[in-house]
Protein chains: 2
Amino acid sequence: MAYRYFIYFAYNGAAYCGWQRQPNGLAVQEVLGKALSTILRTETEPVAAGRTDAGVHARNMAAHFDSPKPIENLPRLKASLNSLLPRDIAVNRIVRVREDAHARFDAMSRKYEYRIALSKSPFLDGLAAYVHYPLDLDAMNEAAQVLFDYRDFTSFSKVHTDVKTNDCIIMEAGWRQEGDELVFTVKANRFLRNMVRAIVGTLLDVGRGKSTAADVARIIERRDRCAAGHSVPACGLYFLEAEYPPQVFDVE
Amino acid sequence: MAYRYFIYFAYNGAAYCGWQRQPNGLAVQEVLGKALSTILRTETEPVAAGRTDAGVHARNMAAHFDSPKPIENLPRLKASLNSLLPRDIAVNRIVRVREDAHARFDAMSRKYEYRIALSKSPFLDGLAAYVHYPLDLDAMNEAAQVLFDYRDFTSFSKVHTDVKTNDCIIMEAGWRQEGDELVFTVKANRFLRNMVRAIVGTLLDVGRGKSTAADVARIIERRDRCAAGHSVPACGLYFLEAEYPPQVFDVE
C-alpha cells in the first residue's frame with residue numbers, strides 16, 4: 001500500500017523550461033522530484049495539476065506524490081524541502097490525500113493570473129510584463145465578459161496539440177488595477193496550451209483601441225489561432241491554484 | 001546660468017555598491033550620471049537626498065542635476081532615460097527646481113521601509129529578508145514607540161563616521177502586516193549610517209522574545225553600538241522618499 005500526498009508549492013519560472021521534465025533544460029518537476037527523493041529516500045515523481053510553460057510562475061501549484069511509508073511529520077518535511085530546494089521554489093503545504101487522488105485528473109478548476117506593469121519598475125522585473133501604451137480597463141473588462149458566451153476556444157490554442165476537444169468552461173474572467181499593475185484573473189475547468197497568454201494578447205488589443213468586444217466574439221467564432229492577438233510574454237503569467245472535491249482529502 | 005532639476009527614481013540595489021560613486025564597484029550614481037550625460041550631451045553628476053549602502057533599494061529617491069540649457073520636454077527626457085537605463089533603475093519623474101535647490105541639504109525628512117518575509121517566497125527573493133521564527137508584531141510596535149523618546153542614536157550608528165552629531169528626530173515609526181510580509185516604516189529628519197538596519201535588528205530581538213521595549217530604551221541610553229541588535233540584511237531595506245519645502249519648486 002502507498003501513502004499519497006498533495007504538495008502545494010510556488011515557483012519563479014524564470015530559470016526553468018516549465019513544469020514538465022524534459023530532455024533539454026531544467027524542469028521544476030525534476031528539481032522538486034529530486035528534493036522529495038532525497039528526503040524520502042526513495043524515487044519520487046510528483047504529478048502536477050497543470051503543466052506550465054517555460055518562464056511561467058506558480059503561486060500555489062498542487063502535485064501528488066507517493067510514499068511507501070506514512071509520513072509522520074508533514075511540517076518537518078515542508079521545512080526540510082524548503083531548506084533543500086533553491087530560492088525560486090518554495091513549498092507552501094503538504095497534506096495527506098486518498099490513495100487514488102490525482103492532482104491532474106481530479107482538479108475541478110484551474111485559476112491563472114496575468115500581471116501587467118504600467119510603468120518601468122525595478123521591482124517587477126521578471127514578475128510582470130511591461131506595457132508602455134495606455135490601456136482602457138473598462139473596455140478590457142467588457143471584452144473579458146465575452147469569454148463566458150463560448151465553449152470552444154480553438155482560436156486561443158497552440159496549433160498542434162493532441163487534446164480531444166478544445167472546449168473549456170470559463171468560470172471567472174476580469175481585470176483589476178493593483179497599484180501600478182493591471183491584473184487579469186481567469187478560472188476555468190481546463191485550459192488549452194498557451195490559452196491564457198493568447199486571451200491576454202487579444203484583450204490588450206481591445207485595451208489599446210485596436211479592436212472591440214465584438215471583435216473578440218468574432219475571433220472566438222473563427223476557431224482559428226491566427227485570428228487572435230499575439231501571445232504575451234511568459235514572465236507575467238502565474239498559475240494560482242487548482243480546486244479539488246472534498247472527497248480527495250477524506251482520509252481516515 | 002544653470003537650470004536645475006530634481007529627478008525622482010527607483011532602483012533595485014542588488015547589483016550596486018550603493019548610491020555613491022566609488023573606486024571599487026558600480027554605483028547607481030555612476031549609471032544614472034552616465035545616462036544623463038549621454039542624453040543631455042554634457043557631463044552631468046546627480047546629487048541624491050541620501051546615500052544608500054550596497055544592496056539597499058530605493059522606491060522614490062530624489063537627486064538634483066544641472067543642465068546648461070532649459071530642458072523643453074521633461075516627459076521625453078524621462079522616456080529616453082528609461083530606455084537607456086538598465087532594468088534595475090527606473091525614472092519616476094523629473095521637475096524643474098530653483099537654481100539653489102539641493103537634494104541633500106534641503107531635504108526636511110527621509111523615509112525608509114524594511115520588509116520581512118514570514119515564509120519562503122520565490123517572488124520576494126532579494127526584495128525582503130526572510131525570517132523563519134515567529135514574531136510578535138504588537139511587542140515590536142510597542143518597542144518602536146520608544147524611538148520617539150530619544151534624540152541621540154549613537155547606539156544605532158556605524159562606529160567610525162565623520163558626522164558632527166548623532167541626533168535625529170524620529171517622525172514616524174511602526175510595523176504593519178502586508179500579506180505574508182511585515183513592513184517597518186520609519187521617517188526622521190536624518191539617519192545615521194546603518195541606523196535603520198540596526199533599529200530593525202534590535203526590534204526583531206523584541207519580536208522573538210529575547211528582549212523588551214524597556215531593553216530598547218536602555219540600549220539607546222548606552223550610546224554604544226555594541227549594545228544594539230545585529231544589523232539586518234540590505235535586501236530588505238528601501239529608501240522611500242525625501243520631503244522638501246514648497247519653495248524648492250517655486251520656479252517662475
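Bear in mind that the values here come from a model prediction, so they are computed numbers and not experimental data.

Caption draft 1: Spatial organisation of the overall build of chain A. The number of helices and strands found in chain A is five helices and nine strands. Shown N-terminal to C-terminal, the secondary structure of chain A runs as helices and strands in the order β-α-β-β-α-β-β-β-α-β-β-α-α-β. Taken against the 2.2 N^0.38 rule, which gives 18 Å for 252 residues, the C-alpha radius of gyration of chain A at 19 Å falls within 12% of a compact globule. Taken along its principal axes, the extent of the C-alpha atoms in chain A is 60 × 40 × 35 Å. Taking all 252 residues of chain A together, the buried fraction comes to 56%.

Caption draft 2: Structural view of the packing of aromatic side chains. The tally for this structure, following the rule as stated, stands at 23 aromatic pairs over all chains. With a centroid separation of 6.5 Å and an interplanar angle of 85°, the aromatic rings of Tyr244(A) and Phe249(A) are classed as edge-to-face. When its relative accessible area of 9% is taken as the criterion, Tyr244(A) is described as buried. Through a chain of ring-to-ring contacts, three or more aromatic side chains come together here, namely Phe6(A), Tyr8(A), Tyr244(A) and Phe249(A). One cation-aromatic arrangement involves Arg59(A) over Phe123(B); the distance from NZ or CZ to the ring centre is 5.1 Å.

Caption draft 3: Fine view of the domain arrangement of chain A. Residues and elements named next belong to chain A. Partitioning chain A into structural domains gives domain 1 (3-105) and domain 2 (110-240). With centres defined by C-alpha atoms, the gap from domain 1 to domain 2 works out at 27 Å. Tallying the contact residues gives 13 residues for domain 1 and 15 residues for domain 2. Between domain 1 and domain 2, a total of about 1,100 Å² is buried, with carbon and sulfur atoms accounting for 47% of that surface. By the criterion of area lost to domain 2, the three top residues of domain 1 are Asp53, His57 and Arg59, representing 51% of everything that side buries. Here domain 1 is connected to domain 2 by two salt bridges. Arg193 serves as the salt-bridge partner of Asp53, at 2.8 Å between the closest nitrogen and oxygen. Run the count over domain 1 and domain 2 and you get ten residue pairs in polar contact (both at pLDDT 80 or more). Class assignment of the residues belonging to the side of domain 1 that touches domain 2 gives a composition of five nonpolar, five polar and three charged.

Caption draft 4: Quick peek at the pattern of salt bridges. Throughout the structure, instances matching the rule amount to 32 salt bridges over all chains. Linking Glu113(B) and Arg115(B) is a salt bridge whose minimum nitrogen-to-oxygen distance equals 2.8 Å. Each member of the pair, Glu113(B) as well as Arg115(B), is classed as buried. Ionic pairing is found between Asp152(B) and Arg223(B), a salt bridge with its closest N-O pair at 2.9 Å. Of the two residues, Asp152(B) is situated in the loop between α3 (137-145) and β7 (170-178) and Arg223(B) in the loop between α5 (213-222) and β9 (237-243); the sequence distance between them amounts to 71 residues. Several salt bridges share partner residues, and in doing so they unite Arg59(A), Glu113(A), Arg115(A), Arg176(A), Glu178(A) and Glu181(A) into one network.

Caption draft 5: The arrangement of the relation of the copies chain A and chain B in detail. It takes a turn of 180° to lay chain A on chain B, together with a shift of 0.0 Å along the axis; the resulting RMSD is 0.0 Å. What the superposition gives is, in effect, a two-fold axis relating one chain to the other. Both copies share a contact surface, since 100% of the interface residues of chain A are interface residues in chain B too.

Caption draft 6: A look at the packing of helix α4 (residues 195-207) of chain B against α5(B). All names here are of chain B. Packing of α4 against α5 brings their axes to within 9 Å, and their N-to-C directions diverge by 150°. Taken together, the axis directions place α4 and α5 in an arrangement best described as roughly antiparallel. Seen along the crossing, α4 lies across α5 with a hand that is right-handed. Contacts from Thr202, Leu203 and Val206 in α4 reach Ala213, Val216 and Ile219 in α5.

Caption draft 7: Spatial organisation of unusual backbone geometry. All names here are of chain A. With a phi close to 55°, Arg41 is a non-glycine residue in the positive phi region. Counting through the fold element by element, Arg41 comes out in the loop between α1 (28-40) and β2 (47-48). Phi angles above zero are rare outside glycine, and Arg223 is one such case at about 50°.

Caption draft 8: Quick look at the interface of chain A and chain B. At the junction of the two partners, chain A supplies 20 residues and chain B supplies 20 residues. Around 1,500 Å² of area is buried between chain A and chain B when both sides are counted, 63% of it from carbon and sulfur atoms. For the pair chain A and chain B, the interface holds two salt bridges. Salt-bridge contacts for Asp125(B) lead to Arg87(A); the nearest nitrogen and oxygen are separated by 3.5 Å. Where chain A touches chain B, the interface holds eight residue pairs in polar contact (both at pLDDT 80 or more). Those elements that place two or more of their residues in the side of chain A that touches chain B are β1 (3-11), β3 (57-67) and β4 (89-97) of chain A. At three residues, β3(A) tops the list of elements feeding residues into the side of chain A that touches chain B. Across the side of chain A that touches chain B, the residue classes break down as eleven nonpolar, four polar and five charged.

Caption draft 9: The arrangement of helix α4 (residues 195-207) of chain A in detail. Residues and elements named next belong to chain A. The first and last C-alpha atoms of α4 sit 18 Å apart over 13 residues, in line with the 18 Å expected at 1.5 Å per residue. Within α4, 13 of the 13 residues are buried, which leaves it mostly tucked inside the rest of the structure. Of the residues one or two after α4, Gly209 is the one with positive phi, at around 85°.

Caption draft 10: The state of the cysteines, seen in detail. The tally for this structure, following the rule as stated, stands at zero disulfides over all chains. Cys168(A) provides the cysteine sulfur closest to Cys226(A), a residue in no disulfide bond, and the two sulfurs are 19 Å apart. Cys17(B) supplies the cysteine sulfur nearest to Cys235(B), a cysteine that is in no disulfide, at a spacing of 17 Å. Accessibility expressed as a relative area gives 23% for Cys235(B), which makes it partly exposed.

What counts, and where the lines are drawn
- Residues numbered from 1 in each chain as written.
- Chains lettered and ligands numbered in written order.
- Predicted model: local features only at pLDDT ≥ 70, side-chain atom pairs only at ≥ 80, totals over all residues.
- Heavy atoms only, no water.
- Helix = DSSP H or I, 4+ residues; strand = E, 2+ residues; numbered from the N terminus.
- Rg over C-alpha atoms; globule rule 2.2 N^0.38 Å.
- Buried < 20%, exposed > 50% of the residue type's maximum accessible area, 1.4 Å probe, protein only.
- Phe/Tyr/Trp six-rings, centres within 6.5 Å; stacked < 30°, edge-to-face > 60°.
- Lys NZ or Arg CZ within 6 Å of the ring centre and 35° of its normal.
- Domains from an automatic or database assignment.
- Contact = heavy atoms within 4.5 Å.
- Buried area = accessible area lost by both parts, 1.4 Å probe.
- Salt bridge = Lys/Arg side-chain N within 4 Å of Asp/Glu carboxyl O.
- Polar contact = N/O pair within 3.5 Å; in protein donor to acceptor, adjacent residues only side chain to side chain.
- Nonpolar A, V, L, I, M, F, W, Y, C, P; charged D, E, K, R; others polar.
- Least-squares fit on C-alpha atoms with pLDDT ≥ 70 in both.
- Axes fitted to C-alpha atoms, helices over the stretch in contact; angles between N-to-C directions.
- Parallel < 35°, antiparallel > 145°, perpendicular 65-115°, else oblique.
- Left-handed = near helix turned anticlockwise from the far one by under 90°.
- Expected span 1.5 Å × (residues − 1).
- Disulfide = S-S within 2.5 Å.

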